[in-house]
Amino acid sequence: MGAALITGASAGLGAEFARQLAAKGLDLVLVARRREKLNEVKQEIENSYPNISVSIIEGDLSQPETPQIIAEQISAQGIELHYLVNNAGASGPRLLQDQDMGWRPHHEYLTLMMTSIAELCHRLVPTMAAAGYGRVINVTSVSGRIARAGDSHYGPAKAYVIALSEALALTVKAQGVNVSALCPGFTHTDFHATAGMNEIKQSTPSMLWYSAEEVVREGIAGVEKGKAIVVSGRLYRWLDPLMQSVWTRWLFKGRGLPASSSD
Ligand SMILES: NC(=O)c1ccc[n+]([C@@H]2O[C@H](COP(=O)([O-])OP(=O)(O)OC[C@H]3O[C@@H](n4cnc5c(N)ncnc54)[C@H](OP(=O)(O)O)[C@@H]3O)[C@@H](O)[C@H]2O)c1
């Protein structure tokens, strides 16, 4: 069996993808910035699945050279990729309010959230298509399904990745490559704590929160079925058609789901 490349594998959804894809028998290539956290995930997988090979690439996907370095290492090691999971992501700066830092952190944020994903697809999907088999999961968000006041970086970046995934799915399906945009809602991971947004957990109903285990399980099932958009969580699947409706869009213009940032 081939291997799975998972970005953002040092925590949360990425670490869970590592567990569930190792359970399917895939070797793993894990990418993130924190080597010690990646080593913990590697150790856990190797203890549970001694026959699975796990390698680590320490890399910062907000830096433009990183996707090329990753692709070169995959090629140099002769790894045959069956799964590409573009999962790394973060809450990020506020487009209008965060001025003191200048444009550079904003540019790096957009590199992490959009350009790195497009470049990894550009470098790795053609090989999958030539081999006649591949699975690509781009982790986006329900935030990418509707515009909200105060969310001018995260939601729009996720909307791009949804559009990219839909177009790629149409382009390479006939060559045996399934591409999905996985759209979770609120999920129990480190995401909100890292962004200093712990209060969101207290201020939102628990029914809106799902486990990483469930989100990843639905993501893998969705890409295996060839679904281009996988909205995860029963409640969000119910809400999604409403969010796409012109009749309910006005509701979200000034309020709606809590914004991940306010700008
Ligand atoms: N949790 C939610 O409620 C939720 C909802 C919808 C969508 N999502 C999406 O799910 C994905 C995974 O997030 P999560 O919830 O699992 O959050 P998390 O627990 O904070 O994990 C984020 C992962 O992304 C990695 N990462 C962040 N910046 C990076 C960079 N510059 N270069 C390389 N790796 C980087 C982190 O690793 P290092 O820090 O070690 O680099 C970490 O492994 C994200 O794309 C997020 O937008 C999350």
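1. Focus on the overall build of the protein
A tally of regular secondary structure across the protein gives 10 helices and 9 strands. Rg of the C-alpha trace for the protein: 18 Å, near the compact-globule value of 18 Å for 263 residues, within the 12% margin. Residues classed as buried in the protein amount to 51% of the 263 residues present. Put simply, of all contacts in the protein between residues at least 6 apart along the chain, 71% involve residues at least 24 apart. Taken as a whole, the protein presents about 12,300 Å² of accessible surface, with 55% of it coming from carbon and sulfur. The protein carries 24 positive and 25 negative side-chain charges, and their two centres are separated by 7 Å.

2. Description of the packing of aromatic side chains
Enumeration over the complete set of coordinates arrives at 3 aromatic pairs. Ring centres of Tyr210 and Tyr236 lie 5.8 Å apart, and the angle between their planes is 55°; this geometry places the pair in the tilted category. Remark: Tyr236 occurs in helix H9 (residues 234-244) and Tyr210 occurs in strand E8 (residues 210-211); sequence separation between them is 26 residues. Tyr236 matches Tyr210 in its accessibility class, with the two residues each being buried.

3. Thoughts on the site of the ligand
Near the ligand lie 31 residues; those nearest to it are Ser10, Arg33, Arg34, Tyr154 and Thr189. Interatomic distance of 2.6 Å between a side-chain N/O atom of Tyr154 and an oxygen atom of the ligand. Separating an oxygen atom of the ligand from a backbone N or O atom of Phe191 is a distance of 3.4 Å. In isolation the ligand has 880 Å² of accessible area, and contact with the protein removes 95% of it. Taken together, the elements giving at least two residues each to the shell around the ligand come down to helix H1 (12-23), helix H5 (154-172) and helix H6 (191-194).

4. Quick notes on the pattern of salt bridges
In this structure the tally under the stated criterion is 13 salt bridges. Salt-bridge contacts for Arg148 lead to Asp151; the nearest nitrogen and oxygen are separated by 2.8 Å. Accessibility classification places Arg148 together with Asp151 in one group, the buried group. The residue Arg237 makes a salt bridge to Glu218 at a minimum N-O spacing of 3.0 Å. Highlighted residues: Arg237 in helix H9 and Glu218 in helix H8 (residues 212-225), separated in sequence by 19 residues. Here Arg237 falls in the partly exposed class, since its relative accessible area comes to 37%. Classification of Glu218 as buried rests on a relative accessible area of 16%. Within this structure, Glu16, Arg19 and Glu44 form a network of salt bridges that share partners.

5. Considering helix H3 (residues 66-76)
Restricting attention to buried positions, one finds in H3 the residues Thr66, Pro67, Ile70, Ala71 and Ile74. On an axial view of H3, the arc spanned by its buried residues comes to 135°, and they lie on one face. Turned more than 90 degrees away from the buried face of H3, the exposed residues are Ser75 and Ala76.

6. Considerations on the layout of surface pockets
Considering only enclosed or pocket space, the largest pocket measures out at about 1,200 Å³ in volume. As for the largest pocket, its lining consists of 50 residues, and the residues nearest its centre are Ala88, Gly89, Ala90, Ser91 and Phe191. Those elements that provide at least two residues to the lining of the largest pocket are H1, strand E2 (27-32), helix H4 (104-131), H5 and H6. The element contributing the most residues to the lining of the largest pocket is H4, with 4 residues. Across the lining of the largest pocket, the residue classes break down as 24 nonpolar, 19 polar and 7 charged.

Basis of the calculations
Residues numbered from 1 in each chain as written. Predicted model: local features only at pLDDT ≥ 70, side-chain atom pairs only at ≥ 80, totals over all residues. Heavy atoms only, no water. Helix = DSSP H or I, 4+ residues; strand = E, 2+ residues; numbered from the N terminus. Rg over C-alpha atoms; globule rule 2.2 N^0.38 Å. Buried < 20%, exposed > 50% of the residue type's maximum accessible area, 1.4 Å probe, protein only. Contact = heavy atoms within 4.5 Å. Areas by Shrake-Rupley, 256 points an atom, 1.4 Å probe, with all protein chains shown as cover. Lys, Arg positive; Asp, Glu negative; His and termini not counted. Charge placed at Lys NZ, Arg CZ, Asp CG, Glu CD. Phe/Tyr/Trp six-rings, centres within 6.5 Å; stacked < 30°, edge-to-face > 60°. Near = heavy atom within 4 Å. Polar contact = N/O pair within 3.5 Å; in protein donor to acceptor, adjacent residues only side chain to side chain. Salt bridge = Lys/Arg side-chain N within 4 Å of Asp/Glu carboxyl O. Arc of directions from axis to C-beta. 1 Å grid on protein atoms, 1.4 Å probe; cavity = no way out; pocket = protein on both sides within 12 Å on 5 of 7 lines; lining within 4 Å. Points joined across faces, edges and corners; volume = space filled by probe spheres on them. Nonpolar A, V, L, I, M, F, W, Y, C, P; charged D, E, K, R; others polar.

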